[in-house]
Amino acid sequence: MPRVAFTTLGCKVNQFETEVMEGLFKQRGYEITSFDQVADVYVINTCSVTHLGERKSRQLIRRGIRLNPEAIVAVSGCYAQVSPEEIEAIEGVNVIVGTQDRHRIVELVEEVGQSKGIMNIVTNIMNADHFEDIPLFDTPGRTRAFLKIQEGCTNFCTYCIIPYARGPLRSRPLESIRRETEKLIAAGFKEIVLTGIHLGAYGRDLEGTITLVDAVKAVLSAEGLVQLRLGSLESIEISDELIEMIKQDERLCPHLHLPLQAGDNQVLRMMNRHYTLAEYRELIHSIQEKIKDIGISTDIIVGFPGETLEMFENALGFVESMDFSRMHIFPYSRRSGTPAAKYVDQVPEDEKKRRVQMMQELAEKKAVEFQKKFITRQLTVLFEPEHDGLVEGLTGNYIRVYANAKDVVQGKLYNVRMEKLYRDGLWGTIIDKDDLIQTEC
Ligand code: SF4
């Protein structure tokens, strides 16, 4: 049986796409092996969001080639899409697919296997006009499944390479969402996470007035669904109806990831983000008022070109005034081909590092403040597989919870009493499982 090894960089969409490709290889009779083993095929699903993502992608491609110089090396994903020529220049690469036509990966690997030549099928993503609807043939043994329902972004934030890597908006048809949801439930998944490159834009390319709310309804209509979580959304795209659904339907996790990106109005404008801090604050406050204990997480980029010390301090002040449950802080990464890469007033790297550290400290303080509110309370937790005698899982509002593995069966929901702060989350004691009588979050 031929062996194929995968490695994935970047976001949840990439993780989902790797799972889809794994399924295609399995269906064809391949055995999936880990990336540090000798394999017949290596697939590197790359990322291009930062220059670090690209560097790591190149390192992983070279590692695959070193592990078995006789293997077929296939490269897919955003970096392959925006810079196929850089990948072609790495000796030992055989197949290059970008962010579409992944359904052909097995066929291409086998075709090139005869000649050991190179096949680059990357085309202009701006011409892509439909969602690449590849059914899930296999679902790996986790408790939480990602389901990609949307592709592409046309927001063109000035720092972001993604619109050039993923192309225009394309949505998965509602029928396909229903079908894949049923498949995931039948495979035993307790939680489905809806993902997309620009999830809030779901439906804009479809006929009629279909929106993300319809996609959520399609998932919720599947019998046996236990939990549904939404991936990252643009704040300005959250509708009242969606908030009401989260409030009313306890299967919808009370957690929203709403990227803020900058805590200064001038920086937001330079980034081409279409909201003000006042609008963002008002929205978050109104969500927090409506949905008790909701977790609101966010992303922030620091050191954007032109971000003065005063603007950065404004950002610290804004974040301090908000109740974020979790934050991801990124230093601005100059992406060639984006407008911001040409801005003259780039912030020096060491200053960016200093700002990241300051914002990170604030983020940790905010996370602890949020987590502390739940100590002594009971929350529902879905645990992942055991590791070193411990299990970890997530609450509906996205707090990481640790517990003794001996008390837990993987893939089941538990009522857990929160005891104390532990690592990056809380330590919990199991109360009971699955037959959840009363849950808080
Ligand atoms: S919304 Fe902005 S940051 Fe997000 S993928 Fe689109 S362009 Fe990039």
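> Just checking my understanding: could you explain the site of the ligand for this structure?
The immediate surroundings of the ligand are formed by Cys-153, Asn-155, Phe-156, Cys-157, Tyr-159, Cys-160, Ile-162, Pro-163, Glu-234 and Arg-273. Across the shell around the ligand, the residue classes tally to seven nonpolar, one polar and two charged.

> Would you take a moment to explain the packing of helix α7 (residues 174–186) against helix α8 (residues 212–220) for this structure?
Packed helices, taken two at a time, are described by their axes: the angle between them and the distance between them. Contact geometry for α7 and α8: axes closest at 8 Å, N-to-C directions at 35 degrees. For the element pair α7 and α8, the recorded crossing hand is right-handed. Contact residues: Leu-174, Ile-177, Arg-178 and Thr-181 in α7; Asp-214, Ala-215, Ala-218 and Val-219 in α8. When its residues are assigned to classes, the contact of α7 with α8 shows five nonpolar, one polar and two charged.

> Could you clarify how one ought to interpret the pattern of salt bridges in this entry?
Side chains that differ in charge, positive against negative, can pair when their charged atoms come close. Evaluation of the coordinates by the stated rule reveals 37 salt bridges. Glu-180 is the salt-bridge partner of Arg-179, the closest N and O atoms lying 3.0 Å from each other. For Glu-180, a relative accessible area of 0% puts it in the buried group. A salt bridge links Asp-424 to Arg-400; its shortest N-O distance comes to 3.8 Å. Remark: Arg-400 occurs in strand β16 (residues 400–404) and Asp-424 occurs in the loop between β17 (413–422) and β18 (425–433); sequence separation between them is 24 residues. Ionic contacts of the salt-bridge type, sharing partners, join the residues Glu-17, Arg-102, Glu-132, Lys-148, Glu-151 and Arg-166 into one network.

> Where do I start with the nonpolar core in this structure?
In summary, soluble globular proteins display a tendency toward joint burial of nonpolar side chains. In terms of nonpolar packing, the biggest core is built from 97 residues, with Phe-25, Ile-105, Val-216, Leu-256 and Met-359 touching the most fellow members. The biggest single contributor to this core is α8, with seven residues. Two domains each provide a minimum of three residues to this core, namely domain 1 (3–123) and domain 2 (144–370). Ile-105 has contacts with Met-21, Leu-24, Phe-25, Val-43, Ala-74 and Val-97, leaving out every residue within four places of it along the chain. Listed in part, the 19 residues of the second largest apolar core include Phe-35, Ile-44, Ile-65 and Val-73.

> Honestly, the confidence of the model for the chain in this entry has me stumped. Any pointers?
If pLDDT is low for a region, its predicted coordinates should not be looked at in detail. Per-residue pLDDT for the chain has a mean of 94; in total, 97% of the residues score no lower than 70. Between residues 436–441, whose pLDDT stays under 50, and residues either more than four places distant or in other chains, the model counts 19 contacts.

> I keep staring at the pairing of strand β14 (residues 378–383) and nothing clicks. Help me out?
A regular strand carries its side chains on alternate faces of the sheet. Of all the six residues making up β14, five are buried; the element is thus mostly covered by neighbouring parts of the structure. Taken together, the five bridges between β14 and β17 define a ladder with antiparallel strand orientation. Paired with Gln-378 across the two strands is Arg-417, which belongs to β17. Of the strand pairs in this sheet, β14 and strand β15 (residues 390–395) are connected by three bridges, and their pairing is antiparallel.

Analysis parameters
- Residues numbered from 1 in each chain as written.
- Predicted model: local features only at pLDDT ≥ 70, side-chain atom pairs only at ≥ 80, totals over all residues.
- Heavy atoms only, no water.
- Near = heavy atom within 4 Å.
- Nonpolar A, V, L, I, M, F, W, Y, C, P; charged D, E, K, R; others polar.
- Axes fitted to C-alpha atoms, helices over the stretch in contact; angles between N-to-C directions.
- Helix = DSSP H or I, 4+ residues; strand = E, 2+ residues; numbered from the N terminus.
- Left-handed = near helix turned anticlockwise from the far one by under 90°.
- Contact = heavy atoms within 4.5 Å.
- Salt bridge = Lys/Arg side-chain N within 4 Å of Asp/Glu carboxyl O.
- Buried < 20%, exposed > 50% of the residue type's maximum accessible area, 1.4 Å probe, protein only.
- Core = buried A, V, L, I, M, F, W, Y, C linked by side-chain atoms within 4.5 Å.
- Domains from an automatic or database assignment.
- pLDDT = per-residue confidence, 0-100.
- Pairing = 2+ DSSP bridges.

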